[in-house]
Each structure stands twice: as structure tokens, then as C-alpha cells.
Amino acid sequence: THNVEAFNAYQAGHSQVYQLGRENFLQAIDSLEQAVTLDPEFAAAWCDLAFAYAAAANIFISEKAEEYSHKADIAVSRAAALAPDSLPALSAVAQQQYMHHDWIAAEQSYKKALALAPRNYDANNNFAFFLLNVGRPGEAIAYFHRAIRAEPLFFTPAQALGSASELSGDPDAALKQYERARDLMDENSTLAYSLILGLAMETGDHTLIETSLEKLKNDDILPPENRSFYPTFLTLLDKPEEARAMLHRYYEDPAFNVPFIRGLVIPQWAAYFGDPALALQGTQEANNFSMYAIWRPIFKPMRRLPGFKDLVVKLGLVEYWLKTGNWGEFCHPVGEDDFECD
């Protein structure tokens with residue numbers, strides 16, 4: 001752009017997106033909307049706005065999910081029309097294809113972006129997340145390493161490499177990366193301690209579970225009405241029957257109808273306390289940005305339930321596996337018309 005005010009608004013929005021959180025995303029959307037209003041042909045601002053809308057819809061401002069998802073599609077279309085062969089536009093198009101579970105088209109777009117800029121942070125990080133979602137964490141690891149080389153002081157690729165290592169069955173490597181992400185963000189980072197907690201639950205490390213819960217119980221990332229969650233389960237670690245009953249009450253309580261709680265936190269605890277049916281019920285509400293969590297080791301019993309097949313069919317993954325022949329690391333075909341996951 002040649003419009004200084006539009007550029008300043010874009011820079012502000014770009015910065016706010018990477019600070020995460022509800023208020024930062026509201027400010028980011030406001031700044032980026034200003035940028036494209038001041039210069040409607042500012043393709044990079046449209047790309048950032050598309051990401052901001054999508055992340056807000058799926059994570060931070062879920063009550064506006066329908067509105068923001070629609071606006072994200074419009075922003076992507078605008079970016080693609082203005083600069084169809086640019087790296088930001090290719091990434092934005094791939095993101096929307098992924099959001100709509102058009103996995104084959106998304107893979108093609110991500111690969112085009114990588115061919116255009118093989119060492120670029122976004123190109124490598126985005127394709128690696130795609131690989132996580134379709135059940136190929138072993139392949140994702142190399143791309144997350146490239147993303148870290150491109151942005152060594154950014155917490156996201158360290159955290160994501162930890163997830164890829166966790167899904168690949170290497171808890172030691174996962175913990176190392178989660179701790180690195182924590183140190184890059186903040187010693188008291190909720191996101192990092194949430195990941196460390198999940199890993200500790202998988203490995204049965206009670207000390208680390210308690211340490212992580214202590215860090216999480218006083219954090220204000222949750223709405224005020226939801227903040228009893230972590231303190232409650234800190235007292236129920238050795239009481240699985242009470243814990244399962246409490247999880248069902250939380251799941252049915254309208255006050256806890258928050259995607260982060262119902263789609264991620266409750267399923268994780270349900271799996272830990274031996275209730276894979278509730279884990280599956282909650283996982284079906286997980287958002288697009290955290291879909292790869294279905295491949296975590298803690299959910300192995302859940303993946304063996306008949307309903308899990310319905311979930312991966314609904315997500316479009318089975319169609320992708322059948323058409324590409326690449327079933328990834330967790331599912332495989334059985335005969336001519338069936339499959340199973342483990």
C-alpha cells in the first residue's frame with residue numbers, strides 16, 4: 001500500500017493477532033478493518049483479516065462464529081482476487097479450504113506456498129499443521145523445525161513441534177518443546193501449562209499434573225463462571241468416580257458451554273478418568289484450530305469407539321485418505337469398504 005494510515009493500521013492489527021486473547025483479537029479485527037477501509041486493494045491486510053476472523057470464530061469470540069466465518073470467506077476471496085499468486089493469499093486460501101475440510105485442495109495450496117517460499121515461516125508452519133490434522137505428525141516434525149529456524153524466538157512453532165512429538169509418541173521431546181514455548185511466552189503461560197498438563201496426564205506424571213494445575217487454577221483466561229474447573233479437579237485426581245460424575249455435570253451446565261472447555265478440556269479429563277464416550281461427545285465440538293488433538297495418545301480408547309468413525313467421516317478425512325491413499329499414522333483401511341483407527 002501507499003497509504004501510510006492503512007499501513008499503520010495493518011501493522012497494529014498484525015501485532016495484536018500474535019498477542020492472542022479475546023481483547024487482542026477484537027482490537028486486531030478493528031485495526032485490520034480500518035486498514036482495508038482506507039485501502040481496499042491492500043491484499044496483505046485482507047489476508048491478516050481473514051486469519052483474525054477465522055481464529056476469533058473458532059477460539060476467542062465463539063458467539064460470533066457464524067458472522068466471522070462468513071467474513072473470513074469474503075476476506076480470503078478479496079485477497080485472492082487482488083494477489084492470487086502471492087504467498088499471503090495462497091496461505092489465506094489454504095486456510096479457508098482447511099476450515100471447510102476441503103483437504104485435497106488445501107494440501108495443493110499449502111504446497112504451492114511452500115514451492116514459492118520454501119524457507120518461509122508461515123509456509124512451513126501452516127503445512128505442518130495441515131499434516132497434524134490429517135494424522136501425519138511424523139511428517140510434520142521436519143516442517144516445524146524449518147519454521148523454528150525461520151522464527152527461533154516465536155513460541156508457536158516450539159509449542160506445535162511439541163504437539164507433533166507428542167502425537168508421534170515421543171513425550172520427552174514434547175515436554176522439552178512445551179517448556180521452551182513456556183519460556184518464550186511467559187513463565188506463567190496458560191497455553192503452555194495446558195499443553196504440559198495434557199502430556200503429564202498421558203504419561204501419568206502426578207507431580208507434573210499437580211504442578212500444572214496449580215499454575216492454571218488462578219489464571220484468568222477462562223470466563224469468571226468457568227474458573228472453578230481446574231481447582232475442582234485438583235481435588236479429584238484420586239477420585240475417578242466422583243471426577244466422571246463432575247465432568248458430566250460440567251458438560252451439561254450451560255455456564256460451561258465454551259468451546260475451549262467442552263471441546264478440549266472436558267474430553268481430555270474424560271479420557272484421563274476412563275470415560276472415552278464423553279471424550280468423544282466433547283471432541284465433536286472441538287474447533288478447526290485444535291482438530292489435531294483427536295490424534296493424541298490419551299484419546300486412543302476413544303478412537304476405537306464406533307462413533308469415532310462417524311466423526312472422521314464427518315470431518316472429510318476418510319474421503320481425503322481414500323482419494324490420496326495416504327491414511328497417515330492412526331487409521332488404515334480394512335477390506336474394500338471399511339477402516340479402523342487406533
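Residues numbered from 1 in each chain as written. Predicted model: local features only at pLDDT ≥ 70, side-chain atom pairs only at ≥ 80, totals over all residues. Heavy atoms only, no water.

### Regarding the state of the cysteines
Each disulfide consists of a covalent bond between the sulfur atoms of two cysteine residues. Tallied over the full model, the rule gives 1 disulfide. Disulfide pairing places C331 opposite C341 at an S-S distance of 2.0 Å. Its torsion about the S-S bond being 105°, the disulfide of C331 and C341 is classed as right-handed. Taken together, the residues C331 in strand β1 (residues 331-334) and C341 in strand β2 (residues 338-341) connect sequence positions 10 residues apart. Considered together, C331 and C341 belong to a single accessibility category, that of buried residues. (Disulfide = S-S within 2.5 Å. Helix = DSSP H or I, 4+ residues; strand = E, 2+ residues; numbered from the N terminus. Buried < 20%, exposed > 50% of the residue type's maximum accessible area, 1.4 Å probe, protein only.)

### Topic: the pairing of β2
What you see with β2 is a clean split: F339 and C341 sit on the buried side and D338 and E340 on the side with no burial. Both β1 and β2 contribute to a ladder of 4 bridges, which runs antiparallel. When the bridges of β2 are listed, V334 appears paired with D338. (Pairing = 2+ DSSP bridges.)

### What to know about the packing of aromatic side chains
All told, the structure shown has 24 aromatic pairs when counted by the stated rule. Here the basic side chain of R262 rests over the ring of Y251, its NZ or CZ set 4.1 Å away from the ring centre. When the ring centre of F339 is taken as origin, the NZ or CZ atom of K309, which lies over that ring, is 5.4 Å away. (Phe/Tyr/Trp six-rings, centres within 6.5 Å; stacked < 30°, edge-to-face > 60°. Lys NZ or Arg CZ within 6 Å of the ring centre and 35° of its normal.)

### Here we look at the nonpolar core
Formed by 109 residues in total, the largest nonpolar core has its most connected members in F229, F233, W269, W295 and L317. When residues in this core are grouped by element, the largest group, 11 residues, is from helix α3 (residues 43-60). One finds Y121, A147, A158 and A181 within the second-largest nonpolar core, a separate group that totals 6 residues. (Core = buried A, V, L, I, M, F, W, Y, C linked by side-chain atoms within 4.5 Å.)

### A word on the packing of α3 against helix α5 (residues 87-99)
Geometrically, a packed helix pair is captured by the angle between its two axes and the distance between the axes. As a packed pair, α3 and α5 sit with axes 9 Å apart at the nearest point and diverge in direction by 25°. Considering the angle they form, α3 stands roughly parallel to α5. Crossing handedness for the pair α3 and α5: left-handed. On α5, the residues that touch C47, A50, F51, A54 and N58 of α3 are P88, A89, A92, Q95, Q96 and M99. (Axes fitted to C-alpha atoms, helices over the stretch in contact; angles between N-to-C directions. Parallel < 35°, antiparallel > 145°, perpendicular 65-115°, else oblique. Left-handed = near helix turned anticlockwise from the far one by under 90°. Contact = heavy atoms within 4.5 Å.)

### A few points about the pattern of salt bridges
Summed over the entire model, instances satisfying the criterion amount to 9 salt bridges. Among the salt bridges present, the one from R296 reaches E166, with a minimum N-O distance of 2.9 Å. Residue R296 is located in the loop between α16 (276-283) and α17 (300-303), and its partner E166 is located in helix α9 (residues 155-167); the two are separated by 130 residues in the primary sequence. Accessibility expressed as a relative area gives 3% for E166, which makes it buried. One salt bridge in this structure joins D338 and K309, with 2.9 Å as the shortest N-O distance. Note that D338 is positioned in strand β2 and K309 in helix α18 (residues 306-314), a separation of 29 residues in sequence. Residue D338 is classed as partly exposed on the basis of its relative accessible area, which comes to 35%. You can call K309 partly exposed: its relative accessible area is 28%. Each member of the salt-bridge network shares a partner with another, and the members are E107, K111, R136 and E139. (Salt bridge = Lys/Arg side-chain N within 4 Å of Asp/Glu carboxyl O.)

### Regarding unusual backbone geometry
What you tend to see is this: most non-glycine residues have negative phi, and most peptide bonds are trans. For H101, which is not glycine, the phi torsion reads 60° and is therefore positive. Among the secondary structure elements, H101 is positioned in the loop between α5 and α6 (103-116). On the basis of relative accessibility, which here comes to 23%, the residue H101 falls in the partly exposed class.

### Here we look at the side chain of Q159
Assignment of secondary structure puts Q159 in helix α9. Look past the residues within four positions of Q159 in its chain and what remains in contact with it is Q177, Y178, A181, L191 and L195.

### Topic: the confidence of the model for the chain
Taken over all residues, the pLDDT of the chain has a mean of 90, while the share at 70 or more is 96%. Taken element by element, the chain is modelled with least confidence in α3, mean pLDDT 85, and with most confidence in helix α8 (residues 137-150), mean pLDDT 97. (pLDDT = per-residue confidence, 0-100.)

### A short note on the environment of I298
Mapping I298 onto the fold places it in the loop between α16 and α17. Residues I298 and M201, spaced 97 residues apart in sequence, show a C-alpha to C-alpha distance of 7.8 Å. Here I298 is in contact with M201, E202, Q268, A271 and Y272, once residues within four sequence places are set aside.

### Overview of α6
In a regular helix each residue adds 1.5 Å, so 14 residues correspond to 20 Å; α6 covers 20 Å between its end C-alpha atoms and thus fits that length. Where α6 is concerned, the buried positions are W103, A105, A106, E107, S109, Y110, A113 and L114. Along its buried surface, α6 packs onto α5, α7 (121-133), α8 and α19 (317-324). (Expected span 1.5 Å × (residues − 1).)

### Section: the side chain of T283
Of note, T283 is situated in helix α16. For T283, the side chain forms a polar contact with the main-chain oxygen of A279, separated by 2.7 Å. (Polar contact = N/O pair within 3.5 Å; in protein donor to acceptor, adjacent residues only side chain to side chain.)

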